[in-house]
Amino acid sequence: MANTPRSRVNLLSKAISGTHSSTGGSTLLGYIGIDTIIEQMRKKTMKTGFDFNIMVVGHSGLGKSTLVNTLFKSQVSRRSAGWARDEKIPKTVEIKSVSHVIEEGGVKMKLTLVDTPGFGDQINNDNCWEPISKFINEQYEKFLKEEVNITRKKRIPDTRVHCCLYFISPTGHSLRQLDIEFMKRLSHSVNIIPIIAKADTMTTEERQEFKQRVRKELEMSGIEFYPQKEFDDDMEDKSDNDKIREAMPFAVVGSDKEYQVNGKRVLGRKTAWGVVEVENPNHCEFAQLRDFLIRSHLQDLKEVTHNIHYETYRAKRLNENGGLHPISSSDTQESNL
C-alpha cells in the first residue's frame, strides 16, 4: 500500500515515541547518552582518588613488607613505618601504619600499609590477635563516629582495613594452631587473604601438596577467606571466584631487586642455581595475586568491607546504644579537626 500523508505521519510518530516490545515496554530509537555515565564516574574518581588500606600479618622474616613493595612498586617498608629490623621485637604486637600516595595514569591512590611486627614471634602467643582485632574495630568506630555526626565531613576519611594478607610459613606440613585461631577469629570482621610466603623454598610438587593441605585445613576449621562464596553476585562472579578459590592460597615470592635475565630487567631473588623471577607464573604465583588484588578485586574488597564487615559492626554498636551511638562534645570537636 502506498504511503499516504496520514500513514507517513503515523510512521514519524512511532519513530519519535519508540517501538513497543513484546513485553509491553518501549525501546528508544534515538541516542540518549546513558553510556557517558561511566565516563562521568571515571572523571569523578580521578579527581577524588582512592583509599586502600592493607594489613599484613605473619611472624618475622616472611617478607611481608617486601611483598607489598613489590605489589605496588613503591617503597612502603617497616623502616618507614617506624620499626627497624635491629630493634628488639616488642613483647606485644605493636601495630604500625604508613601511608604512601601512588599515581598512575592520572589516578591517585592513597595506600596505607598496616604492619604487625612481632605477631606470633613470642614464646607465649596466647591472644596475640587481640591487638589486631582491636585495631580493626577502632577504625570502624572512627568511621561510625564521623557518619553519625550532625555536621559530618563531605568525604569521611576511610582508615578501615580493606584487606588482610595473612602470611603462612612455607613449612610444607600444616598450618600452625595460631594461624587457624587468628583466621577463625578475624575472618568475620576483615577480608582475609591467606598466602604462602617464600614459595621458592619449596619444589613445585611440595607447593601444590601444601596448598591443598592448607585449603583442606581451612575448610575443616570453618574458616572462610576472601572471596567468600556467599558474596558472589551472579554466575559470572561465581565462576571467576571459584577459579580463584581453587588457586588459593597463592604461593608467592617478593623482591624489590632487579636482575638481568635474557636481556631483560626483572624483579627476582638470586639463588645459587639462578634467579627466581617474581612475575614469572612458572616460578611463583605473585602475578596472580597482584591481578586478583589490584586489577580485578580491589573495588570489591572495599565494597565488602563497607557493606558487610562495617555494616555488621555498625548494627551491633547502634543496637548496643539504643539505636544511635552517643557522641560527646569532645568527640565532635576531635572529628572536625
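For clarity, every value in this text was computed on a predicted model and none was experimentally measured.

### Thoughts on the overall build of the chain
- Within the chain, the regular secondary structure consists of 10 helices and 11 strands.
- By the burial criterion, 42% of the 337 residues in the chain qualify as buried.
- Here the analysis covers contacts within the chain between residues at least 6 apart in sequence; of these, 68% occur between residues at least 24 apart.
- When the accessible surface of the chain is totalled, it reaches about 19600 Å², and 51% of it is carbon and sulfur.

### Points about helix α9 (residues 298–320)
- Taking 1.5 Å per residue as the helical rise, α9 with its 23 residues ought to reach 33 Å, and the 32 Å between its terminal C-alpha atoms agrees with that figure.
- Every buried residue belonging to α9 is among Leu 298, Leu 301, Lys 302, Val 304, Thr 305, His 309, Tyr 310, Tyr 313, Arg 317 and Leu 318, and all of these are buried.
- As for α9, its buried residues are in contact with β3 (50–57), β5 (107–115), α4 (130–147), β6 (163–168), β7 (192–196) and α8 (286–296).

### Quick word on the nonpolar core
- Among the nonpolar cores identified, the biggest contains 73 residues, and Phe 52, Phe 182 and Ile 193 are the most heavily contacted of them.
- Not counting residues within four places of it along the chain, the set of residues in contact with Phe 52 comprises Phe 72, Met 109, Lys 110, Leu 111, Thr 112, His 162, Cys 163, Leu 293, Leu 298, Leu 301 and Lys 302.

### Some thoughts on the pairing of β6
- Buried residues dominate β6, accounting for 6 of its 6 residues.
- Where burial is concerned, the two faces of β6 agree: the one with Cys 163, Leu 165 and Phe 167 and the one with Cys 164, Tyr 166 and Ile 168 are both buried.
- Here β3 runs beside β6; their pairing, made up of 4 bridges, is parallel. Opposite Ile 54, over in β6, you have Cys 163 as the bridge partner.
- Examined bridge by bridge, β6 and β7 share 5 bridges and lie parallel to one another.

About the criteria used
- Residues numbered from 1 in each chain as written.
- Predicted model: local features only at pLDDT ≥ 70, side-chain atom pairs only at ≥ 80, totals over all residues.
- Heavy atoms only, no water.
- Helix = DSSP H or I, 4+ residues; strand = E, 2+ residues; numbered from the N terminus.
- Buried < 20%, exposed > 50% of the residue type's maximum accessible area, 1.4 Å probe, protein only.
- Contact = heavy atoms within 4.5 Å.
- Areas by Shrake-Rupley, 256 points an atom, 1.4 Å probe, with all protein chains shown as cover.
- Expected span 1.5 Å × (residues − 1).
- Core = buried A, V, L, I, M, F, W, Y, C linked by side-chain atoms within 4.5 Å.
- Pairing = 2+ DSSP bridges.

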